[in-house]
Every structure is written in C-alpha cells, then in structure tokens.
Amino acid sequence: MPLNIAIQMDPIEKVRIAGDTGFALMLEAQARGHRLFTYTPDRLSMRDGKVTAPITPVEVRDVEGDHFTAGEPERTDLSTLDVVLLRQDPPFDMAYISSTHMLERIHPKTLVVNDPAEVRNAPEKLFVTHFPDLMPPTLITRDRAEIEAFRAEHGEIVMKPLYGHGGATVFKTGRDDPNFGSLCDLFGNLFREPWVVQAFLKEVSEGDKRIILIDGKAAGAVNRVPAAGDLRANMVRGGAARPTDLSARELEICERIGPALKERGLLLVGIDVIGGRLTEINVTAPTGVRAIKKLGGPDLAAQLFDVIAARRAKGA
C-alpha cells in the first residue's frame, strides 16, 4: 500500500546526492510507489497541540544537478502522514532538540524514523558511553586540569566537540604539543558544552569503519580511510571509501549494542569503529548507505523500508 512519507531535511536543492543517505531513502521510497514530501525543520509549527509544516510534494531522480522536481507546498497536519524521516544534519542544538519535542507529539501514530524522543536522549557521543568497555579511554569535560591529566596518562589524544558532526573541529594533540593551550582556548570560546577527549587510536590510519545497523542488526559497512595528512576519515572530509567485511570483534560490538538500539526504536544507526574500539553511535542522520551499495554491498535503503513497511502494517 502506498505511504505518505515526509522527509524533515536540509533544503533539497543543496543535497549532495552522491553520498546522501536521505536521498537514497527517497529513491527507494519512490521506487516502491510511496508519495514523497519534504520540509525543513525551521517550518515546523505547533498550535494547540497540533504539529504542522508546509510540506512540498517531490519527485526524485539520481541525476546530479537535476535530482528533483517540486510541487507547491501545503501546510499539513503531520499526524495525517504515515511516516516522517528525520534526516536534517546536526548541529544537535536547541533547535534540533525542539524539533524532536514537536515530532514526539505525532509518534508513533505517524512513524518517525528515528524515534524523536530517543534521538533527543541518545546524542551520539554520549549514548556511546553506555558501553565503556567497548570504547577507547574517553573523557567528557571542559575542565582543563582533567584534560591535562588525561593527556599526561595517554600521551596522544583527540579532542572534539560533544555535539559536532562530520569530523568538523577534530584535533589530535600530544604531551609536548605547544599548541595545546591555544587549542583549549579555542574550544572554550567556541563551545559552551563539555568536550570529548579520547586516547588517540593509531589504527585510524587503516580506516574508521562505519557500520550500519537496521532495527538493531548489523546490515552493512564501509571502511573510511583518511586522506594523507589528515586524521579524520569522514568522507565529507576527504576520506576514501573502501569495501570491507566485519571482523568477529565488530560483530560482537553490534550484538552488544543492538538490543539497546531496538528497544529505543532507533531503526537506522551508524556506528564508528577504529581498531576494534567503538567511538560513536550515530542516531541523528547516519550516513554510509549509498557508499556501501556502490561498493557492492547490500541495499540498506531497501532493508530499512522493509522494516518500515512491517511497522506500518502493525500500526507502528
């Protein structure tokens, strides 16, 4: 049965379709005969408990530079839709959190993927700390003395913002780095929240593996290898995508965290693993689906829509 599906996303005209997971989901939904609509989160409204947005009907095609045709927007009660895909990029700020509060009013009558309350309660760099034995040594703080003690213990460390994304503002520093003080000043001026400080994993040169889990099960993976002279493996930062298989350790990680993801209604999740250590659990707008398929891996968009169809058949 055709579904009415809205995608809460960044402006569709700005989407880089070659690597965009949200766009892959739109292509799959359209291929199944579902009706697609888009809107940006700044257009959400709530009046007397009713959540609305001006949704725009769209048709999509996998043609760079000519990837969509849009109709006329019409303000619509989102509870009348079947599915909303929560796909705008972070930052995970108060605007993002506010949108999850609004979408929580329509879920699960309208199936929101991922569950907005759990997205709000599971920011990627904090949720992962529920599994400390799977992680590298990790400190969350903005206390410089704590960071200095951590650096003295571990030598080389990585510092990144707690609510950052896409590898932005990620730095490596060592025991004798003369830039350490300036780096702390920079973070202190840029970010009001605590920062993430982790022991540096030298295995990152061999790749930062993105593993996609669908409804709590490992579904596919891509190995992202940093560009020369960069410690960040994110593909938006120049990391190269390579096909990969999952090791026994990586399967163990997925089996450990899978039940928690399923229990929270987190249907599409991307985790990052370096050298057998879990570094992040991405639940806001995880990427990697298109790269995995292009490298000969499974069609994860199709797998996700099989799950969505089953949920809708059961009334979510």
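Before any of the text, the structure's been laid out above.
Below is a short write-up of the structure. These numbers were taken from a predicted model, which means no experiment stands behind them.

1. With respect to the packing of helix α5 (residues 144-154) against helix α6 (residues 180-190)
Part 1 of the reasoning: Viewed as axis vectors pointing N to C, α5 and α6 meet at an angle of 140°, and their least axial separation amounts to 12 Å. Classified by the angle their axes make, α5 and α6 are oblique. Regarding α5 and α6, the two cross each other, and that crossing is right-handed. Residues Arg144, Ile147, Glu148 and Arg151 of α5 form the contact with α6, whose own contacting residues are Phe180, Gly181, Cys184 and Asp185.
Part 2 of the reasoning: Its residues assigned to classes, the contact of α5 with α6 comprises 3 nonpolar, 1 polar and 4 charged.

2. Some thoughts on unusual backbone geometry
If a residue is not glycine, its phi is most likely negative; likewise, a peptide bond is most likely trans.
Part 1 of the reasoning: With omega at 10°, the peptide bond leading from histidine 107 into proline 108 counts as cis.
Part 2 of the reasoning: Take proline 108: it is sitting in the loop between α2 (94-104) and β8 (111-113).
Part 3 of the reasoning: Backbone torsion omega between valine 113 and asparagine 114 reads 0°, so that peptide bond is classified as cis.
Part 4 of the reasoning: Relative to the elements of secondary structure, asparagine 114 occurs in the loop between β8 and α3 (116-121).
Part 5 of the reasoning: Even without a glycine there, the phi angle at aspartate 48 is positive, about 55°.
Part 6 of the reasoning: Structurally, aspartate 48 is set in the loop between β3 (45-47) and β4 (50-60).
Part 7 of the reasoning: Positive phi outside glycine occurs at aspartate 215, with the angle close to 55°.

3. Topic: the nonpolar core
Part 1 of the reasoning: Counting 39 residues, the largest nonpolar core has Tyr39, Leu78, Ile257, Ile271, Leu278 and Ile281 as its most contacted members.
Part 2 of the reasoning: Within the residue set of this core, elements represented by two or more residues are β2 (35-39), β4, β7 (83-86), α2, β13 (208-214), α7 (248-263), β16 (268-274) and β17 (277-282).
Part 3 of the reasoning: Element by element, the count of residues in this core is highest for α7, at 5 residues.
Part 4 of the reasoning: With sequence-adjacent residues up to four places away left out, tyrosine 39 is seen in contact with Ala6, Ile7, Gln8, Met9, Leu44, Ala53, Pro54, Ile55, Leu78, Val84 and Leu103.
Part 5 of the reasoning: Residues Leu3, Ile7, Val83 and Leu85 belong to the second largest nonpolar core, which totals 35 residues.

4. So, the sheet that holds β17
Part 1 of the reasoning: With antiparallel pairing, 5 strands are arranged side by side in an open sheet as β15-β14-β13-β16-β17. Where the open sheet ends on each side, the last strands, each with one partner, are β15 (240-242) and β17. Going from strand to strand, the sheet's axes swing by 30° on average, the running direction of each strand aside.
Part 2 of the reasoning: Where β13 and strand β14 (residues 217-225) come together, 7 bridges link them in antiparallel fashion. Counterpart to isoleucine 212 in the pairing with β14 is glycine 220.
Part 3 of the reasoning: Strands in contact with helix α9 (residues 300-313) are β13, β14 and β16; relative to β13, the strand with the most contacts, it is inclined by about 30°.

Rules of the game
- Per chain, the residues get numbers from 1 upward, laid out in the order the sequence is written.
- In keeping with the predicted nature of the model, local features appear solely for residues at pLDDT of at least 70, side-chain atom pairs appear and are counted solely at 80 or more, and the whole-chain, interface and lining totals rest on all residues.
- Side-chain numbers here rest on the full set of heavy atoms in the structure, without hydrogens or water.
- In this description, a line fitted to the C-alpha atoms serves as the axis of each element, helices being fitted only across the stretch in contact, and the angle between N-to-C directions of two axes falls anywhere from 0 to 180 degrees.
- By definition, any uninterrupted DSSP run of H or I lasting at least four residues is a helix, any uninterrupted run of E lasting at least two residues is a strand, and each is numbered from the N terminus.
- Roughly parallel means an angle under 35 degrees; roughly antiparallel means over 145; roughly perpendicular covers 65 to 115; every other angle is labelled oblique.
- Here a crossing is called left-handed whenever its near helix is offset anticlockwise from the far helix by less than a right angle, and right-handed whenever the offset is clockwise.
- We call two residues in contact whenever any of their non-hydrogen atoms come within 4.5 Å of each other.
- Residue type decides the class: Asp, Glu, Lys and Arg count as charged, Ala, Val, Leu, Ile, Met, Phe, Trp, Tyr, Cys and Pro as nonpolar, and the leftover types, Gly among them, as polar.
- Among the buried residues, those of types Ala, Val, Leu, Ile, Met, Phe, Trp, Tyr and Cys that are joined through side-chain atoms within 4.5 Å form a nonpolar core.
- Remark: exposure states derive from per-residue accessible area (1.4 Å probe, protein chains only) relative to the maximum for the residue type, with buried under 20%, exposed over 50%, and partly exposed in between.
- For two strands to count as paired, DSSP must find a minimum of two bridges between them.

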